[in-house]
Structures are given as structure tokens and as C-alpha cells.
Amino acid sequence: MSSLVDAGLTVHVQEGAGRHAHALDAAYRAAGATVTPEDPTAQSDVVVSVQPLTVHQAGLLEPGTVTISFLQPANERELLGVYRDRGVTSFSFDLLPRVTRAQSADALSSQALVAGYRAVLVAAERLPRFLPMFTTAAGTVPPAKVLVLGAGVAGLQAIATARRLGAVVEAYDVRKAAGEEVRSLGAKFLELDLEAQSGVYASAQSEEFLERQRELIGRHVAASDVVITTAAIPGRRAPVLVTTDMLKAMAPGSVVVDLAAESGGNYAGSVAGQEVWVGDVLVHGALNLPSSMPVHASRLYSRNVLNLLKLMVVDGSVRPDLGDEVLDGCCLTHDGRIRKELP
Ligand SMILES: NC(=O)c1ccc[n+]([C@@H]2O[C@H](COP(=O)([O-])OP(=O)(O)OC[C@H]3O[C@@H](n4cnc5c(N)ncnc54)[C@H](O)[C@@H]3O)[C@@H](O)[C@H]2O)c1
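Residues numbered from 1 in each chain as written. Predicted model: local features only at pLDDT ≥ 70, side-chain atom pairs only at ≥ 80, totals over all residues. Heavy atoms only, no water.

- The name given to the protein in an unreviewed UniProt entry is proton-translocating NAD(P)(+) transhydrogenase, and the organism recorded there is Lentzea xinjiangensis.
- Listed in UniProt under the heading Sequence similarities (unreviewed entry), the comment for the protein reads: "Belongs to the AlaDH/PNT family." (UniProt positions renumbered as here; feature names shortened; annotations may be inferred.)

Section: the overall build of the protein
Here is step 1 of the chain: When helices and strands are tallied, the protein shows eleven helices and 18 strands.
Here is step 2 of the chain: The C-alpha radius of gyration of the protein comes to 22 Å, within 12% of the 20 Å expected for a compact globule of 343 residues.
Here is step 3 of the chain: The principal-axis extents of the C-alpha atoms in the protein amount to approximately 65 × 45 × 35 Å.
Here is step 4 of the chain: The 343 residues of the protein split such that 48% are buried.
Here is step 5 of the chain: Counted over contacts in the protein with a minimum sequence separation of 6, partners at least 24 positions apart contribute 58%.
Here is step 6 of the chain: Considering the protein, the positive charge centre built from 30 side chains and the negative charge centre built from 37 side chains are found 5 Å apart. (Helix = DSSP H or I, 4+ residues; strand = E, 2+ residues; numbered from the N terminus. Rg over C-alpha atoms; globule rule 2.2 N^0.38 Å. Buried < 20%, exposed > 50% of the residue type's maximum accessible area, 1.4 Å probe, protein only. Contact = heavy atoms within 4.5 Å. Lys, Arg positive; Asp, Glu negative; His and termini not counted. Charge placed at Lys NZ, Arg CZ, Asp CG, Glu CD.)

Quick look at the sheet that holds strand β5 (residues 89-92)
Here is step 1 of the chain: As summarised here, the arrangement of the five strands in space is β3-β4-β5-β17-β18, forming an open sheet in which the pairing is mixed. Taken across any chain shown, the strands that pair with only one partner, and hence form the sheet edges, are β3 (46-48) and β18 (337-338).
Here is step 2 of the chain: Packing of helix α10 (residues 294-310) onto the sheet brings it into contact with β3 and β4 (66-69), and relative to β4 it is tilted by some 145°. (Pairing = 2+ DSSP bridges. Axes fitted to C-alpha atoms, helices over the stretch in contact; angles between N-to-C directions.)

Regarding helix α6 (residues 153-164)
Here is step 1 of the chain: For α6, which comprises twelve residues, the first-to-last C-alpha distance of 17 Å matches the rise-based estimate of 16 Å (1.5 Å per residue) to within 8%.
Here is step 2 of the chain: In terms of burial, α6 is a largely internal element, nine of the twelve residues being buried.
Here is step 3 of the chain: For α6, the complete set of buried residues consists of A154, G155, L156, Q157, A158, I159, A160, T161 and A162.
Here is step 4 of the chain: Note on α6: the residue one or two positions beyond its end, G166, has a positive phi of about 95°. (Expected span 1.5 Å × (residues − 1).)

Some details on the pairing of strand β13 (residues 275-278)
Here is step 1 of the chain: Note: β13 against strand β14 (residues 281-285), four bridges, orientation antiparallel. Residue pairing in the sheet places V276 in a bridge with V283 of β14.
Here is step 2 of the chain: Linkage of β13 to β14, two consecutive antiparallel strands, is achieved through a turn of two residues, within which G279 is found at a positive phi near 60°.

Digging into a nonpolar patch on the surface
Here is step 1 of the chain: A cluster of nonpolar residues, L113, V153 and L300, forms a patch on the protein surface that exposes about 200 Å² of accessible area.
Here is step 2 of the chain: Locating L300 in the fold gives a position in helix α10.
Here is step 3 of the chain: L300 gets classed as partly exposed once you look at its relative accessible area, which sits at 32%. (Patch = residues over 30% accessible without salt bridge, like charges linked within 9 Å, V, L, I, M, F, W, Y side chains within 5 Å. Areas by Shrake-Rupley, 256 points an atom, 1.4 Å probe, with all protein chains shown as cover. Salt bridge = Lys/Arg side-chain N within 4 Å of Asp/Glu carboxyl O.)

Looking at the sheet that holds strand β8 (residues 145-149)
Here is step 1 of the chain: Overall, mixed pairing links the seven strands, which are arranged β10-β9-β8-β11-β12-β14-β13 in an open sheet. In the strand order of this sheet, the two ends are held by β10 (188-189) and β13, each with one partner.
Here is step 2 of the chain: As judged from the four bridges shared by strand β11 (residues 226-229) and strand β12 (residues 255-258), these two strands associate in the parallel manner. Pairing of T229 across the sheet is with D258, part of β12.
Here is step 3 of the chain: With respect to the sheet, helix α5 (residues 107-126) is in contact with β11, β12, β13 and β14, its orientation differing from that of β12 by roughly 155°.

A look at the packing of α5 against α6
Here is step 1 of the chain: Where α5 meets α6, the axes come as close as 7 Å, and the angle between the chain directions of the two elements is 40°. Remark: the crossing between α5 and α6 carries right-handed chirality. Contacts between α5 and α6 involve S109, A112, L113, G116, Y117, V120 and L121 from the first element and V153, A154, Q157, A158, T161 and A162 from the second. (Left-handed = near helix turned anticlockwise from the far one by under 90°.)

Some thoughts on the pattern of salt bridges
Here is step 1 of the chain: The final tally for this structure, using the stated rule, is twelve salt bridges.
Here is step 2 of the chain: Close ionic contact of D173 with R175 constitutes a salt bridge, the shortest N to O distance being 3.6 Å. No difference in accessibility class separates D173 from R175, as the two residues are buried.
Here is step 3 of the chain: Here E191 makes a salt bridge to R183, at a shortest N to O gap of 3.6 Å.

Observations concerning the domain arrangement of the protein
Here is step 1 of the chain: Domain parsing of the protein yields domain 1 (2-105 + 294-338) and domain 2 (113-292).
Here is step 2 of the chain: If you average the C-alpha positions of domain 1 and of domain 2, the two centres end up 33 Å apart.
Here is step 3 of the chain: Between domain 1 and domain 2, the residue contacts involve six residues of the former and eight residues of the latter.
Here is step 4 of the chain: Summing the contributions of domain 1 and of domain 2, the shared interface buries around 480 Å²; its carbon and sulfur component is 58%.
Here is step 5 of the chain: On the domain 1 side of the contact with domain 2, R98, P294 and A297 bury the most area, a combined 66% of that side's loss.
Here is step 6 of the chain: Summed over the shared surface of domain 1 and domain 2, the result is zero salt bridges. (Domains from an automatic or database assignment. Buried area = accessible area lost by both parts, 1.4 Å probe.)

A look at the packing of aromatic side chains
Here is step 1 of the chain: The tally for this structure, following the rule as stated, stands at five aromatic pairs.
Here is step 2 of the chain: Judged by centre distance (6.3 Å) and plane angle (20°), the ring pair of Y172 and F189 falls under stacked. With a gap of 17 residues between them, Y172 in strand β9 (residues 168-172) and F189 in strand β10 connect regions that are remote in the sequence.
Here is step 3 of the chain: Taking the relative accessible area as the measure of exposure, F189 reaches 6% and is therefore buried.
Here is step 4 of the chain: Site record: aromatic cluster; members linked through ring pairs are F70, F93 and Y301. (Phe/Tyr/Trp six-rings, centres within 6.5 Å; stacked < 30°, edge-to-face > 60°.)

This is the structure we're talking about:
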């Protein structure tokens, strides 16, 4: 906040906006912002939010207003139409190019880190047994076995957290390159007899591939006390990696946390924001886990926003140059048109 003020911008925050993240109005005032009782959206040149604006809010924007938020284009066609018609320049963190220069603005990564950490805590809390090993006078408790499917930013953080809590961890990713990172965290990388089509980022695999993957992964799921699934394909439905038969083969009381629940689920029966029992196994469909750890999720997000905005500020005013590859990559609407092909 103070960095934006130092950059010459005037910052308005709606009263109580930070309450759930324990950021009080007084703290915003102390950082140089004006706290307003009404929603300041319509009067602003730049509107920053976590979730996309509502269609109603978008309808109040002046031409040339800049908006920054997460925004999945396929889910927000109506909103994009309003942005286009009102001449709004909108940016989405979901489309930020993952080039080195944009790393400090990479909100997908910062929030995935929070989600991966949190997923393990959710699982640990729901699990009716210890994660670490204990040797006691009453006998030895073996460590819990945790399987992490998808070893991107969230998966790696889940592995690190589960390891810190003393679990024995296995992980799998279609990107073989993830193996080194998994092993460096003290977990075992599953080498499946499968040839994935993959580069730095996973591409969608064929249904035959996924079928074979499910066959090979089934016994690892069955042997685990906790499964955390994080596998995603940007802009597409998440691949189904876990089946009901696999869950039925797990020990009673086992827990699955599906971080891909919002994009269809790595288990097809996951429901985002709900816990469902499949026999004696609990499936937690994660919904916006970062919001359950708002202090650090917000702190990291605010840094990402600041670093994206810095690319747009010229002499104290916000003037995005779409010749910049980072801004070009994540700009959805500008000058009365939608700039990306909608899936
Ligand atoms: N250069 C940069 O600026 C930058 C920034 C962020 C991430 N990255 C890298 O990008 C990669 C992916 O990051 P992410 O966390 O955003 O990924 P993501 O959220 O898109 O997907 C999560 C993981 O699921 C995996 N996955 C997809 N289909 C799968 C399947 N069928 N089975 C198993 N796993 C499957 C993906 O390979 C990925 O690792 C990581 O290597 C990360 O370190 C680079």
C-alpha cells in the first residue's frame, strides 16, 4: 500500500475490506490510503481485487479503467463482454506469462504455495491418526503415508509440509523433471511405466494415457493414509486420477484432499467446498484454500499486485504498454475488444 502511495498513486480502500484478513482500516490509513464508506470502484482508474468484479460493478467503470484480479476467461464471458463494451483494460493473473521477469507478480504461484501448505493441515486435522512416527512405552506408531499427485508449486509445498510433519511421502507428476525437486524434499518420486507428453508445463494427456496412469497409481492410492491431488492443466478440466474403486481400497478413515476440485476434480466425485464420504474415506473438495490463511495469502498477493502495477506506472499514472510481453500476455480486454480467444 505505502509503495503504491510512494509511486504517486492515490489509494482508496472500502471500509472493512481487509477485516477478514486482519488488516484494519487504521492500518490502511497509516499506510497513506483513504478509507471510504462506499464502494470506490466506480471512481477509480485502477481497480484491484482477488476475485473478478461483478457484472454490476463492471457496468459502473469509466472507459480506460484498468482492472487486475484472478479471472478465468472461460468462466467470465458476460463480464468480459461488459469490460469490452465499456472500454475497460482488464488483466488476469490466470494468464500471466511464466517468464522470469514476471515471477515476482506470479499470483498463481504464491496462492498455490498457500494452498499446498494448507491442504496438508486440512488432511492432518481430518485424519484420525498421527502423521509422524512415535516410539512410546505403549508401542510404536508408524508414520502416516502421504501420496501427492501433481508436483507443481502446490504439490511441492504439500510434500514439504507433510515431510515436516513427519509423514512418509510419495509423489507423482507427468513432468519427469519434477522428480529431482520431489526427491530433494525427502519424498519418493514414483516412476511409472508411462510416456507423458510434457514440457515445463503439463499438457493434456490422452484418455488412454490417463487410463493406464490410473491402473498404475491405484495400488499407491490404496496404500496411502492421505492423498493430496493437485494435478491441473491450465484452462482445462482437471484430469481424473483417482477413482471410487481406489478409494474403497484405502484404509478406513483415510483422507483425500482434492485441490483440483474447483476445476472438476482429480477425483470425479469431489465437490468444491464440501466433504463427501466414499465408504469410510473422506474426500475434501478444496474451495479457495488460500482464503483460509488470509494474512499471508493477502501479503503475498499484494506483492504480486504491486509488481504487476509497477510495470504499468509511468510518472505517477497507470499507462499499460501492451508491447510489454508480460502485460500483453495477461491483458484480456483493451480498447473495446477482447484480446484472447475464449475456449
Ligand atoms: N518460470 C516461472 O516463472 C514459473 C512460475 C511458476 C511455476 N513454474 C513451474 O511450472 C510448473 C507447473 O507449475 P504449476 O504449479 O502452476 O502447475 P499447475 O497448477 O498447472 O499443475 C499442477 C501440477 O500437476 C501436474 N499434472 C498435470 N497433469 C497431471 C497428471 N495427469 N498426472 C500427474 N500430474 C499432472 C503438472 O505437471 C503440474 O506440475 C512447475 O515446474 C513450476 O515450478 C515456473
